[in-house]
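One letter stands for each residue in the lines below.
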Amino acid sequence: MTNHWIDIKNSDCILIMGSNAAENHPISFKWVNEAMKKGAKLISVDPKFTRTSSKADFYTALRSGTDIAFLGGMIKYIIENNKFFKEYLADYTNASFILGDNYFFKDGVFSGFEPKTGKYNKDAWAFEKDTQGNPKKDVTLENPRCVFQLLKKHYSRYDLQTVSDTTGTPKEDLVSVYEMYSSTGQRGKAGTIMYAMGWTQHTVGVQNIRTMAIIQLLLGNMGIAGGGVNALRGESNVQGSTDHCILYHIWPGYLKTPKASLASLAAYNKKYTPRTNDPLSANWWANYPKYSVSLLKSFFGDKATEANDFGYNWLPKLDDGKSYSWLDLFDEMYKGSFSGFFAWGQNPACSGANSNKTRQALTKLDWLVNVNIFDNETGSFWKGPGMDPKKIKTEVFMLPCAVSVEKEGSITNSGRWMQWRYKAAEPPGSAMPDGEIMTKLFEKVRDLYHKDKNAVFPEPVLNLKWDYTSKGSFDSHKLAKEINGYFLKDITIKGESFKEGDLVPSFVYLQADGSTSSGNWLYCNSYTNKGNMSARRKKEKSGIGLNLEWSWCWPVNRRIIYNRASVDKYGKPWNKQAPVIQWNGSKWVGDVPDGGWPPMLNPDGTPNKKSKYPFIMKPEGYARIFGSGMADGPFPEHYEPLECPVEKNLFSSQLSNPTIPKYTTTMDTYCTCYPKYPFVGTTYRVSEHWQTGIMTRWQPWLLEAQPQLFVEMSTELAKLKGIKNGEKIMVISSRGEVKATALVTSRFKPFTIQGDVIHQIGLPWHYGWVHPKDGGDSANLLTPSTGDPNTRIPETKAFMVNVKKI
Amino acid sequence: MRISRRDFFKISAGAAAGVMAFGLGMDLTPVKSYAQTLKIRYAKESTTICPYCAVGCGIIVHTSKGADGRVINTEGDPEHPINEGSLCSKGAALSQLINNENRLSTPLYRKPYSSSWQKVSWDWALQKIALNIKHTRDATFTYKNGKGQIVNRTEGIAHIGSAALDNEECWAIQAMMRAMGLVYIEHQARI
């Protein structure tokens, strides 16, 4: 979230699309209700009428996988009805930037596409540069090659009829949503979006979100209270685990995992440190080497020296252009590429797309380590449906771990609040906290490398700084301090003196010469000489809900990011009733500002040369309406899901996203317009269960409330198939099948798409064969191995199925 | 405040519909003061954050002062600014996650081609895993790729998980896996 949960109360219009917040993030609704009490409007857009929809001022449906068409129509409406916030758009976004001659868009494909590789050469999307090397601009937004005019042209194709024929949403409903939401383009008004996996789990996932980001920028809704682009993240610490980068492509703090072509630290830092020639651009990532070197110092401590490139080459490198993501990982596993595998606190046998492939992949392993609090479908895969243990070679270790209240440490919520948790009890039996298991395991590995004089490349194993125990036990405070970072020698920076061993007060003090460490620069400021900031418990008494002294928030306790766009060029808030920050003549007051530089203009209207543009993380300093870094095009374009019910994309002759990954094993099948699978399928969650159900299927209360897998369908579809409510039926895709109880409701309605009736069904993915015995299995047995070309998040929200009486 | 099964269903249904007002951190004024004295006499109180979704609701945990040191109650933290005492059905059932007879409590091992688990000691399990790691890493370690570029990695081991770990554990696990040379490192955020 660019904003945070409580901030939803400051909104004037809340769009919930791609999420069902009332059921899946129930307590978020406290703040939706709060906003509505003050007159805010709530819009719910979802293929199914949900409990979120039941609370909304306006609800309408769309077919799964057509969000860009829906929102593209909104962009057209905003521009053509002059609902955009021109001052914001011209001053703070790249709407004014002028595109070079090589950029064009033709019949669903952007310039630079290389059919052989299925990738774009993004050089074709470059801006025209002035003599200083900065993008040329036209702040009147009239130049026909400026981003704004090209945006207008691109979405002029998204007329109501074409959008409605694609989404199945009635035209008048589209207009109602567009009108309600675009009213927040007025100065002082705020609109917000609450989205979740309903937007990410598509082959156009990132572009779904970018379409909304473009709308938010057109309406001036970024950086302000009650605005922003807000991902409702689904796991208690998925924000923190992402920040600390348990992901192949990034190192903690969103630094890049080095590629094989970057042979030295200097080459690595040069590659990832952006440059600008514009003195008004803060270009925050210019600090990259300070963060990367400080991270290497946290990895390897004293062993990391300038002479050995701070241990840069001790860490593994990726091949250039190769993806090592989840889908690729299980594809390789299925092909037998791995001997060993850790499934730590996760149940991929139910959670990943195409679970049959995942389950078969596990049989190819020599050894599997599964750490969990309950038995689960991954650890016990060898005795699952269709498996013959006598034929499965995999050696399996199932290690019991503590639950959250049996250990001490922090987690980071969706609003980026890092909150400390305390230990309340001991784990059962000999179960141990995960940190304890890691520590003990790594000590044993290290011991083996110590003893073996012929060990292969032992340096990183032996040199990793691993002193995070106290009295023999994992000490989360020690690690929290390492993540924050230390001064490693006595030093004076910016006139302030620090001692060796002092905790670094904020990332502005980090250095690229090895004199500081920081395990994650974004968390620098979270645990300082003043103490553990995440344990703070002082509530805000009045104000807009920032709660600056409750817990801690990255970066540097800033509660609303991009907040320097919440003010005009004089530093006055667009909304005086809910100011995030304001300039008092000598400094900013309110939230921690996105940099302390003065406003763009002096009180007399002359430019202030000491100022910086508000979007400091972009080298050019402007928010990107034109996204030149995207894998699948600088403007979002509607493409059908890889499996879809239509033969034609009404917006172009390009049916699906040309850049998406596909896999080629016999277990990877994709069926579009295939009569055997005529219905659109989607997956979702219910309030009483969570993810694959490991943490909810074993609780009697929760299981009683939602005991088994169901498949929800419209009364029309049930009638067509002769299915009765409550009847056990099969749901089938080309990859698998699940038995489920039919739930016939009027919450799903048939869509009219391109003149044809299209039915959609949905089912939750919380179940698995281990427990309860008659509860059903994972809905991911049905979903395909394909995903977004930017993130490779699987397309589990739109796929093709059939339903069959048993 | 002990919640009965009946209370649970009544209130959690309301919370889900967005009409919770107090949710399971409900206003129990008539019984509150009595319950409070019991809690203080028999339990020590600590705070936690809900382990389910990422709203980050505050929860109070009461641990018995008795010899068993069990968690005897969990409830929404009324002081927490996000949830102000409210919890959804999952957060309200936290005590059943903690005190659950189905929890794994000892390491289990399944031999190749075996049809059953056997209980093993931590020391044995971790030693065997460490040997597996070393064996696989050393056998599959790649210093240079096909282009002759330094890569210093193993593609013989993969890792996933976890968004259920604390931040400090997340940092530790990625450091450990990267130090061992893994490149296939993923978790829930990817799906």
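Residues numbered from 1 in each chain as written. Chains lettered and ligands numbered in written order. Predicted model: local features only at pLDDT ≥ 70, side-chain atom pairs only at ≥ 80, totals over all residues. Heavy atoms only, no water.

## Considerations on the overall build of chain B
Scanning chain B from terminus to terminus reveals six helices and eight strands. Reading the helices (α) and strands (β) of chain B from amino to carboxyl end gives α-α-β-β-β-α-α-β-β-α-β-β-α-β. Across the 191 residues in chain B, those meeting the buried criterion constitute 64%. Within chain B, contacts between residues at least 6 apart in sequence are counted, and of these 39% link residues at least 24 apart. When the accessible area of chain B is evaluated, it comes to approximately 7100 Å², of which 55% is carbon and sulfur surface. (Helix = DSSP H or I, 4+ residues; strand = E, 2+ residues; numbered from the N terminus. Buried < 20%, exposed > 50% of the residue type's maximum accessible area, 1.4 Å probe, protein only. Contact = heavy atoms within 4.5 Å. Areas by Shrake-Rupley, 256 points an atom, 1.4 Å probe, with all protein chains shown as cover.)

## Things to note about the pairing of strand β8 (residues 182–186) of chain B
Residues and elements named next belong to chain B. Burial analysis of β8 places five of its five residues in the buried class, the great majority of the element. Where strand β7 (residues 150–160) lies against β8, four bridges are found, and the strand directions are parallel. Residue pairing across strands places histidine 159 opposite isoleucine 185, the latter belonging to β8. In terms of handedness, the path from β7 via helix α6 (residues 167–179) over to β8 forms a crossover that is right-handed. (Pairing = 2+ DSSP bridges. Right-handed = clockwise from strand over helix to strand, strands pointing away.)

## Some remarks on the interface of chain B and chain A
Note on interface size: it is often stated as the accessible area lost on association of the parts. Counting from both sides, the interface comprises 126 residues of chain B and, opposite them, 171 residues of chain A. When the area that chain B buries against chain A is broken down by residue, the three leading residues are Trp171, Arg190 and Ile191 of chain B, summing to 7%. Linking chain B with chain A are ten salt bridges. Between glutamate 406 of chain A and arginine 103 of chain B there is a salt bridge, and its shortest N-O distance comes to 2.7 Å. Taken together, chain B and chain A are joined by 79 residue pairs in polar contact (both at pLDDT 80 or more). In terms of residue count, the dominant contributor to the side of chain B that touches chain A is helix α5 (residues 122–140) of chain B (16 residues). Looking at the side of chain B that touches chain A, its residues break down into 70 nonpolar, 34 polar and 22 charged. As judged from the four bridges shared by strand β12 (residues 340–344) of chain A and β7 of chain B, these two strands associate in the parallel manner. Note on β7 of chain B: the bridge partner recorded for phenylalanine 341 of chain A is alanine 158 of chain B. (Buried area = accessible area lost by both parts, 1.4 Å probe. Salt bridge = Lys/Arg side-chain N within 4 Å of Asp/Glu carboxyl O. Polar contact = N/O pair within 3.5 Å; in protein donor to acceptor, adjacent residues only side chain to side chain. Nonpolar A, V, L, I, M, F, W, Y, C, P; charged D, E, K, R; others polar.)

## Quick look at the environment of histidine 244 of chain A
Structurally, histidine 244 of chain A can be placed in the loop between α11 (238–243) and β10 (250–251). The class for histidine 244 of chain A is buried, based on a relative accessible area of 0%. Other than its neighbours up to four places away in sequence, histidine 244 of chain A contacts Pro252, Ile483, Asn520 and Tyr523 of chain A together with Asn167, Cys170, Trp171 and Gln174 of chain B.

## Things to note about the pairing of strand β2 (residues 58–64) of chain B
Residues and elements named next belong to chain B. For β2, the tally of buried residues reaches seven of seven residues, placing the bulk of the element in the interior. Neither face of β2 is exposed, since Gly58, Ile60, His62 and Ser64 on one face and Ile59, Val61 and Thr63 on the opposite face are all buried. Pairing between strand β1 (residues 43–49) and β2: seven bridges, direction antiparallel. Within the sheet, the bridge partner assigned to lysine 44 lies in β2 and is threonine 63. The sheet contact formed by β2 and strand β3 (residues 71–76) spans five bridges and is antiparallel.

## Here's the deal with the packing of aromatic side chains
All names here are of chain A. For the structure on display, the rule yields 66 aromatic pairs over all chains. Between phenylalanine 70 and tyrosine 178, the aromatic rings sit 5.9 Å apart at their centres with planes inclined by 85°, giving edge-to-face as the arrangement. With phenylalanine 70 in helix α4 (residues 67–80) and tyrosine 178 in helix α8 (residues 171–182), this pair connects stretches of sequence that are 108 residues apart. Just as phenylalanine 70 is buried, tyrosine 178 falls in that class too. With 5.1 Å between their ring centres and 55° between their planes, tyrosine 120 and tryptophan 125 make a pair best called tilted. We note arginine 559 situated over the ring of tryptophan 417; from NZ or CZ to the ring centre the distance is 5.0 Å. (Phe/Tyr/Trp six-rings, centres within 6.5 Å; stacked < 30°, edge-to-face > 60°. Lys NZ or Arg CZ within 6 Å of the ring centre and 35° of its normal.)

## Here we look at the sheet that holds strand β1 (residues 13–17) of chain A
Residues and elements named next belong to chain A. On the basis of which strands lie adjacent, the open sheet formed by five strands has the order β3-β2-β1-β8-β9 and parallel pairing. Looking at which strands have only one partner, the edges of the open sheet turn out to be β3 (58–60) and β9 (229–231). For this sheet, the mean inter-axis angle between neighbouring strands, taken without regard to orientation, is 15°. By the bridge criterion, four bridges tie β1 to strand β8 (residues 191–195) in an arrangement that is parallel. Within β8, the position partnered with leucine 15 by the bridge is isoleucine 193. α4 contacts β1, β2 (41–45) and β3 of the sheet and is inclined by roughly 155° relative to β1. (Axes fitted to C-alpha atoms, helices over the stretch in contact; angles between N-to-C directions.)

## As for unusual backbone geometry
Excluding glycine, residues mostly have negative phi values, and the peptide bonds linking residues are mostly trans. Residue histidine 771 of chain A is joined to proline 772 of chain A through a cis peptide bond whose omega torsion reads -10°. Inspection of the secondary structure assignment puts proline 772 of chain A in the loop between β32 (760–764) and β33 (799–805). A cis amide bond links glycine 161 of chain B to the next residue, serine 162 of chain B, at an omega of 5°. Relative to the helices and strands, serine 162 of chain B resides in the loop between β7 and α6. The phi dihedral of leucine 141 of chain A is positive, around 65°, even though this residue is not glycine. Inspection of the secondary structure puts leucine 141 of chain A in the loop between β7 (119–120) and α6 (147–155). Even without glycine at this site, valine 556 of chain A takes up a positive phi of about 40°.

## Focus on the sheet that holds strand β16 (residues 417–421) of chain A
Pairing between the strands of a sheet comes from backbone hydrogen bonds, and it takes one of two forms, parallel or antiparallel. If you walk across this open sheet you meet the three strands as β15-β16-β23 (chain A), and the pairing is antiparallel. The open sheet has two edge strands with one neighbour each: β15 (409–412) and β23 (552–553) of chain A. Across two bridges, the pairing between β16 of chain A and β23 of chain A is antiparallel. Pairing of tryptophan 417 of chain A across the sheet is with cysteine 553 of chain A, part of β23 of chain A. α6 of chain B contacts β15 and β16 of chain A of the sheet and is inclined by roughly 90° relative to β15 of chain A.

## Some words on the environment of leucine 548 of chain A
Residue and element names in this part refer to chain A. With respect to the helices and strands, the residue leucine 548 is situated in the loop between β22 (531–532) and β23. When the C-alpha positions of leucine 548 and arginine 559 are compared, they lie 7.4 Å apart, and in sequence the two are eleven residues distant. Apart from residues lying up to four places away in sequence, leucine 548 is in contact with Arg536, Asn557, Arg559, Gly590, Asp591 and Val592.

## Brief notes about the packing of α4 of chain A against helix α7 (residues 160–167) of chain A
All names here are of chain A. Running from N to C, α4 and α7 cross one another at 160°; their axes reach a closest spacing of 9 Å. Taken together, the axis directions place α4 and α7 in an arrangement best described as roughly antiparallel. In this structure, α4 meets α7 at a crossing whose hand is left-handed. On the side of α4, the interface is formed by Ala69, Phe70 and Gly73, while α7 contributes Val163, Thr166 and Thr167. When grouped by side-chain class, the residues that make up the contact of α4 with α7 number three nonpolar, three polar and no charged. (Parallel < 35°, antiparallel > 145°, perpendicular 65-115°, else oblique. Left-handed = near helix turned anticlockwise from the far one by under 90°.)

## A few points about the pattern of salt bridges
Residue and element names in this part refer to chain A. Using the criterion set out here, one finds 44 salt bridges over all chains in the structure. Among the salt bridges present, the one from arginine 187 reaches aspartate 568, with a minimum N-O distance of 3.4 Å. With arginine 187 in the loop between α8 and β8 and aspartate 568 in the loop between β23 and β24 (581–583), this residue pair connects regions lying 381 residues apart in the sequence. Classification of arginine 187 by relative accessible area gives partly exposed; the value is 42%.

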